[in-house]
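Each chain, written out:
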Amino acid sequence: MAKMPVTLTLNGMERAGFADPGQNLLEFLRRGLGDLSPKYGCGQGTCGACTVTIDGETQLACLVLAETTEGRTVGTAAGLANGAELDPLQTAFMDHFAAQCGYCTPGMLVSARALLDRNPKPTREDIIEAISGNLCRCTGYEPIIEAILAVSEGRTGP
Amino acid sequence: MTVVETYPTLAEAARAIGSDAAYMGGGTVMMREVNAGEAPARLVRTNDPALAQIRAAGDAISLGAGVTMSAILADSGLDFLHPVARQIGSPQVRNMGTVGGNIFSPHPYGDFAVALLALDARVTMAAGGARPIEELLRGRDHSPGLVASIDVPRPAPGAFGFKKVSRVKPKGVSVITIAALVNRTGGRVQNARIAWGGMGPGPVRGAAAERALQGQMIDDAMLDRLARTAAEGLDPPTDPLASSWYRREVAGVHLARLLRSMEGR
């Protein structure tokens, strides 16, 4: 079956590859474009480990057909840092011990960044709602909520 | 291997679909089957911009089948649907999942369709013609054709209530979902529409509850009676979330709570 050429903007850079028929965006990003930051958790849209932004909205890469992202703008956790300069969320996740095994972390960071971009001063409830589609099975959610709150309030350090 | 065909208009997609293909909307249900290698060999979809349109003329609201839950939440004119849309899936799923797809989502999904059933929505098909959503839901497993849009009449203030019972907060799959449209004349309930999710193979009307409410004033004694009889005639499924017995036991209690909260009691 013929592969489909797909050109998209990934973390600000134009990227192109060939998608298999029926291939999801998660596989296309990881295998086709080499961005390993979105993770495969469940393949069913339940865990949120593959959360990316498409045209600024958080979506689940495992439930998006790669070929439908032609010409669109995709953002992943790999695009959060500017070179060696981490996104404040990434620093706060370290300071607050918000990652343990780390598998949910890229998806959590994408959801958190999307929240702060549209609502820089979220309430605790806003944060809980925003990460409700991202499952964590190590730290519990408290350190993650604390890390996001700290960034929104301009606090640094643990 | 699944081949995806994308058409510029809904009409072309409707002509192409045939009996060997499935339609893919937002993908939140169908892509799971694709990922599991269980999807039909052909998937049909469309980029038709008309599907994403929301139109409101007075109290008549028309939702394109491709309108997402997030688009509903972003539209202040659709405030009565916000408590429903907010409880569908996760933020990511709400950015993807559509009104049309929700109508065809199997148990335990399809909470939005439960609300549409209570609101007596009418569905316009791609092939033309409109039908009550109740009729479409009954035949939804037998390839009824593609949905173009859904007309939702705006309920009177305070007349519509929605409750999704789940074990995990704030995002959990439905154990039972209830939507209630309760209009009154002179304080007495007239032609209430009660719709259940999780109490049958898909969204179903609550005939016993509607009969019990007919002509009644809503008070504590009435709600206690309703709680005991509301599940009569329903055959809820057993699944990993709850048994059929449990659902039948608690359904009436949750309905009474919903009606109490609508009364502000």
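The rules behind these values
- Residues numbered from 1 in each chain as written.
- Chains lettered and ligands numbered in written order.
- Predicted model: local features only at pLDDT ≥ 70, side-chain atom pairs only at ≥ 80, totals over all residues.
- UniProt positions renumbered as here; feature names shortened; annotations may be inferred.
- Helix = DSSP H or I, 4+ residues; strand = E, 2+ residues; numbered from the N terminus.
- Domains from an automatic or database assignment.
- Contact = placed C-beta atoms within 7 Å.
- Nonpolar A, V, L, I, M, F, W, Y, C, P; charged D, E, K, R; others polar.
- Buried ≥ 20, exposed ≤ 12 C-beta atoms within 10 Å, placed from the backbone.
- Axes fitted to C-alpha atoms, helices over the stretch in contact; angles between N-to-C directions.
- Parallel < 35°, antiparallel > 145°, perpendicular 65-115°, else oblique.
- Left-handed = near helix turned anticlockwise from the far one by under 90°.
- Pairing = 2+ DSSP bridges.

By the naming in an unreviewed UniProt entry, chain B goes by FAD binding domain-containing protein and is assigned to Hoeflea poritis.

Under an unreviewed UniProt entry, the name given to chain A is (2Fe-2S)-binding protein, and the source organism is Hoeflea poritis.

Next up on the list: the UniProt feature "domain: FAD-binding PCMH-type" (unreviewed entry) in chain B. In the UniProt entry, the feature "domain: FAD-binding PCMH-type" (unreviewed entry) is given for residues 1-157 of chain B. A helix fraction of 31% and a strand fraction of 23% characterise residues 1-157 of chain B, whose end C-alpha atoms lie 50 Å from each other.

Frequently, the measure chosen for interface size is the accessible area removed from exposure when the parts meet. Residues and elements named next belong to chain B. Here chain B is partitioned into domain 1 (3-43 + 51-153) and domain 2 (160-263). Summarising the inter-unit geometry, the C-alpha centres of domain 1 and domain 2 are found 24 Å apart. Domain 1 puts 19 residues into the contact, and the matching count from domain 2 is 23 residues. Listed by contribution, the elements that provide at least two residues to the side of domain 1 that touches domain 2 are α4 (82-85), α7 (111-118) and α8 (133-138). Broken down by class, the residue content of the side of domain 1 that touches domain 2 amounts to 11 nonpolar, four polar and four charged.

Before going further, it helps to examine unusual backbone geometry. Between His107 of chain B and the following residue, Pro108 of chain B, the backbone shows a cis peptide bond with an omega angle of 10°. Summarising the element assignment, Pro108 of chain B is placed in the loop between α6 (99-103) and α7. At Asn11 of chain A, a residue that is not glycine, the phi angle is positive and equals roughly 50°. With respect to the helices and strands, Asn11 of chain A occurs in the loop between β1 (4-10) and β2 (13-19). Exposure remark for Asn11 of chain A: the 18 C-beta atoms within 10 Å place this residue in the partly exposed category. Backbone geometry at Phe97 of chain A places phi at a positive 55°, although glycine is not the residue there. Relative to the assigned elements, Phe97 of chain A resides in the loop between α2 (88-95) and α3 (105-118).

Before going further, it helps to spend a moment on the packing of α2 of chain A against helix α5 (residues 142-152) of chain A. Residues and elements named next belong to chain A. Running from amino to carboxyl end, α2 crosses α5 at an angle of 135°, the nearest separation of the two axes being 8 Å. In terms of axis orientation, α2 runs oblique to α5. Note on packing geometry: the crossing formed by α2 with α5 is right-handed. The residues of α5 that touch α2, namely those facing Pro88, Leu89, Ala92 and Phe93, are Ala147, Ile148, Ala150 and Val151. Here the contact of α2 with α5 is built from residues that sort into eight nonpolar, no polar and no charged.

Attention now goes to α7 of chain B. Residues and elements named next belong to chain B. By the criterion of burial, α7 is predominantly enclosed, with eight of the eight residues buried. Among all positions in α7, only Asp111, Phe112, Ala113, Val114, Ala115, Leu116, Leu117 and Ala118 are buried. Just downstream of α7, Asp120 is the residue with a positive phi angle, here 60°.

This part covers the interface of chain B and chain A. Between chain B and chain A, the residue contacts involve 18 residues of the former and 24 residues of the latter. Breaking the side of chain B that touches chain A down by element, the ones donating at least two residues are β1 (3-7), α2 (30-35) and α5 (91-96) of chain B. Examining the composition of the side of chain B that touches chain A, we find that five residues originate from one element, α5 of chain B, more than from any other. Looking at the side of chain B that touches chain A, its residues break down into nine nonpolar, seven polar and two charged.

Residue and element names in this part refer to chain B. One open sheet holds the five strands; their spatial order is β4-β5-β8-β6-β7, and the pairing between them is antiparallel. Unpaired on one side and paired on the other, β4 (54-57) and β7 (130-132) mark the two borders of the sheet. Taking each pair of neighbouring strands and ignoring which way they run, the sheet shows an average axis angle of 20°. Two elements, strand β6 (residues 122-125) and strand β8 (residues 147-153), share four bridges in a ladder whose sense is antiparallel. Note that in β8 the partner of Thr124 across the bridge is Ser149.

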